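# Architecture at a glance
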Amino acid sequence: MEAVSFEEVRKVYPDGTYALKGVSFSVEQGEIHGLLGENGAGKTTLMRILYGEIKPTGGRIKVFGREARFSGPWDAIKAGIGMVYQKFSLVEGFTVMENIVLSSTRIGMDERAVRKRLDYLIEATGLKVPLDQEVSNLPVGMRQRVEILKALVREAKVLILDEPTSVLTPLEVRDLFKVLRRLRDDGLTIIFITHKLKEVREITDRVTVLRRGRVVGTHRTEEVSDVELARMMVGREVLFQLSRKKVSPGRPVLKVKDLWVEGDDGVWAVKGASLTVREGEIVGIAGVQGNGQKELVEAIVGIRKAQRGQVIIGGEELTGRATREVYDRGLAYIPDLRPVGLVMEMNLVENVVLTRIKEFSSGPVIEWGRAREEADKIVKSFNVLVDSLNTPVGRLSGGNQQKFMLGREISRNPSLVIASEPTHGLDVAATEYVRKKILELRDSGKAILLVSTDLDEVFQLSDRIAVMYEGKIIAEGPSESFSLERIGLLMGGVRA
Amino acid sequence: MLREYLQFVLEVIGSVLAGFSVAALIMSLMGFDPLKGLYLITLGGLSDPDYLLSRSSLIMMTGLAFSVPALASAFNIGGEGQMYVGGLVALAVSLYSPNPLLPLASGALAGGLVGLVIGALRAYREVNEVITAIMMNWTFYYLSIYLITTYLYNPLAPYRSVSVPEGSRLSTIDLSGVKLHVSFLVSIALALVAYFLVYHTKLGYEIRVSGLSRRSAVYAGINPRRTFTLSMALGGVFGGFSGALNVIGFTYYMDQLLTSMYGMGFDGIGVALMGRNNPIGIILSSIFFSMLLLGGQRMQVSMNVPKELTDALSGVIIISLAMPYAYRMLISYLRVRKVGRGAE
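Residues numbered from 1 in each chain as written. Chains lettered and ligands numbered in written order. Predicted model: local features only at pLDDT ≥ 70, side-chain atom pairs only at ≥ 80, totals over all residues. Heavy atoms only, no water.

The next subject is the domain arrangement of chain A. Residue and element names in this part refer to chain A. Here chain A is partitioned into domain 1 (2-234) and domain 2 (252-491). The C-alpha centroid of domain 2 is placed 34 Å from the C-alpha centroid of domain 1. Facing the eight residues of domain 1 at the interface are eight residues of domain 2. Taking both sides of the interface into account, the surface hidden between domain 1 and domain 2 amounts to around 580 Å²; carbon and sulfur atoms contribute 65%. Between the two partners, domain 1 and domain 2, sit zero salt bridges. At the surface where domain 1 touches domain 2, the tally comes to zero residue pairs in polar contact (both at pLDDT 80 or more). Looking at the side of domain 1 that touches domain 2, its residues break down into four nonpolar, two polar and two charged. (Domains from an automatic or database assignment. Contact = heavy atoms within 4.5 Å. Buried area = accessible area lost by both parts, 1.4 Å probe. Salt bridge = Lys/Arg side-chain N within 4 Å of Asp/Glu carboxyl O. Polar contact = N/O pair within 3.5 Å; in protein donor to acceptor, adjacent residues only side chain to side chain. Nonpolar A, V, L, I, M, F, W, Y, C, P; charged D, E, K, R; others polar.)

Before going further, it helps to spend a moment on the sheet that holds strand S8 (residues 189-194) of chain A. All names here are of chain A. The six strands are arranged S6-S7-S8-S3-S9-S10 in an open sheet whose pairing can be described as mixed. Among the strands making up the open sheet, the edge pair consists of strand S6 (81-84) and strand S10 (214-220). On average, each strand axis in the sheet is tilted by 20° relative to the strand beside it, whichever way the strands run. Packed onto the sheet, helix H1 (residues 43-50) meets strand S3 (32-36), S6, strand S7 (158-162), S8 and strand S9 (206-211) and runs at close to 150° relative to S8. (Pairing = 2+ DSSP bridges. Helix = DSSP H or I, 4+ residues; strand = E, 2+ residues; numbered from the N terminus. Axes fitted to C-alpha atoms, helices over the stretch in contact; angles between N-to-C directions.)

As a further point, take the pattern of salt bridges. Residues and elements named next belong to chain A. On inspection of all chains with the given rule, the structure shows 42 salt bridges over all chains. Linking Lys358 and Asp328 is a salt bridge whose minimum nitrogen-to-oxygen distance equals 3.1 Å. Here the residue Lys358 occupies a position in the loop between helix H12 (348-353) and strand S17 (361-362), and Asp328 occupies one in helix H10 (residues 323-328), the gap between them amounting to 30 residues. Judged by relative accessible area, Lys358 falls into the exposed class, the value being 57%. According to the relative accessible area criterion, Asp328 is partly exposed, its value standing at 44%. Here Asp443 makes a salt bridge to Arg442, at a shortest N to O gap of 2.7 Å. A relative accessible area of 28% means that Asp443 is categorised as partly exposed. Relative accessible area serves as the criterion here: at 2%, Arg442 is assigned to the buried category. (Buried < 20%, exposed > 50% of the residue type's maximum accessible area, 1.4 Å probe, protein only.)

For the coordinates displayed, the defined rule picks out 15 aromatic pairs over all chains. Note on Phe66(B) and Phe75(B): the rings are 5.2 Å apart at their centroids and 85° apart in plane angle, and the pair reads as edge-to-face. A residue is classified by how much of its surface remains accessible, and Phe66(B), at 2% relative accessible area, is buried. Taken together, Tyr84(B), Trp138(B), Tyr141(B), Tyr142(B) and Tyr262(B) form an aromatic cluster joined through their ring pairs. Over the face of the ring belonging to Trp260(A) we find Arg308(A), whose NZ or CZ atom lies 4.6 Å from the ring centre. Its end group placed over the ring of Tyr253(B), Arg160(B) keeps NZ or CZ at 4.2 Å from the ring centre. (Phe/Tyr/Trp six-rings, centres within 6.5 Å; stacked < 30°, edge-to-face > 60°. Lys NZ or Arg CZ within 6 Å of the ring centre and 35° of its normal.)

Take a look at the structure:
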């Protein structure tokens, strides 16, 4: 029986973007159906339509044979659809129980009924969670379970998971998959959004590939190979291999010695990290998000105060110096969020000046003419697609924004580059471009500190790898000395 | 780029049409001739260009007092109080100074100091600048009245202060028959300076970056607290200058109830929003704003329309012109606040 079927679903956003150009496929009851596609393929848009969050421009959706016209998520929930977002929608200061009760009151369940049903569900599915713990105390994997339980309590028959593994450690992923299989065997229909081939292979029964708002095909997972899937997803062979020249590293540029940094909540986020980055070398910091990478980088750059330890750049101690001073000593920093590294409302010329104001001013006056020339040069040499330098940066696609930001920082001719998640949210072509540029930088003798939660990226780029876990660098060495399994274990906190 | 200009032009045309139709509707409902009314309220003010331009120079300055801080995402509702202080200090200094320059400068500085305090309290002590500013407005209102009626009162005309000595006054110049207030020219020059400051200097750039994205500012090594405070101080300078200009350039004294100033600080908010917080736009909007005010007065006289109604009519037109921008500004203001909290 068909649980959900999409018929020619189209979505045009008010700004004229075609997100979905007629999508048709169906999801069988009791299967795990993968929805595979790159960023911007339309996966999330389609699921938000199914969840009643946005309205389609055209087409029909049937849920268990009945045509669905949702005016909001509440209608979708009534029709038996549950959604687990990448970013959880839980009240931090509430206990698990309170969160679930909160989400169930609208369907008329009181606390007793909810608890009874939860006891049954936890027994039946193996989704063990501490019901009376505050959500803020729970690790990410546990929070995700709460989200799933929330949907199940509301008697969801179709569960949508949006990139559920992106925040999890390998161990948590394994647990999640175990639970999902069990739920499927009990008859639940699961739609699993992802862009990771490995996950499609591991967990899905069937898979639908979306590319630029169209369905490329729906297949039984066992009947299609990874290479075929990759080809369907990107429309060409993925260039997985980047050629690396052998470069022997020179003298150390960045030295971090026993650095201790407090996080926003006043708890130690970095607990005595030490590392060295030398000329012509990429050091990749691997780790699950939130293990102190952000705080480490911010302390090096001078955005955050380090409580203890030393940061030495080019032989000069710069611990606790102002960010601009650190930049002046030859550090370029590419932050993980484009809305931080760029001012979205400002145009390209204005954004050039952001980190380079000294270079483009004489006295108190900014020299816009020279800044414009520089913007033009960056746009040309980094293939930024934009029709005018006066366009607000926010209008550019993510890939072009990233290229521009990268271009701005590289053109400063720094001796040390710190890149945080440099390809986060980019499509394959832009990812490849950015990674190649970073390798070129290394070949030209720059020292590069890469922070990435994308293991492929860490392996492709790094000469040496450091794994961060709970504020400590728990392993460090040449990339050859790490296997995927070993890193996976290390990221999960298991010393290997 | 073209799209933005087109959008802007359409926005203005739409706003004007909307404002005028509502105003016309109100007038016909109240039994007045809407066409004659609209004609008078918009163009009636042109009959007295001298008064028109002098009035617009004052609200041009209070407009800048609001808009420069607004670019740093600070809400300076204290232009009113800064203006009182500026006027008062300028008056006091003029009594001892033989030229207009020193009183003007000290009035502006005094206003700037008030802005600085409000800004610093917010930036470094988390005291909401709107509340501080409103409290200061009243404090300085009564302080001014107190000083005017005690130390500065004029024995010959007890309802007002002593006069600015001749040597310290800004007067008019004769441009081949057309009389022009020096004060108006000074205001235009200052607005152009503000434009240069905002769009062509490091400080202006840093103010704008902090206003648009606090986290980007921190990333770029800009200290958002410092830019916030400085933007408020700059706003205060313009507020203070408006008051000083009023005393030194037009009235040459302050009256007991501050009637020649009262409300112009708040008018500046409307002027700033109508001018899209852009100094050049503010030059134009301050003139338009004054046209509406004077036109309203003409309407009262020749059509016997009550003052309350003409004020309401100008209000409708101003609001409809400021609304699209005010809406966007409010949204980004709220957003920056939220982001700012995250980056603390």
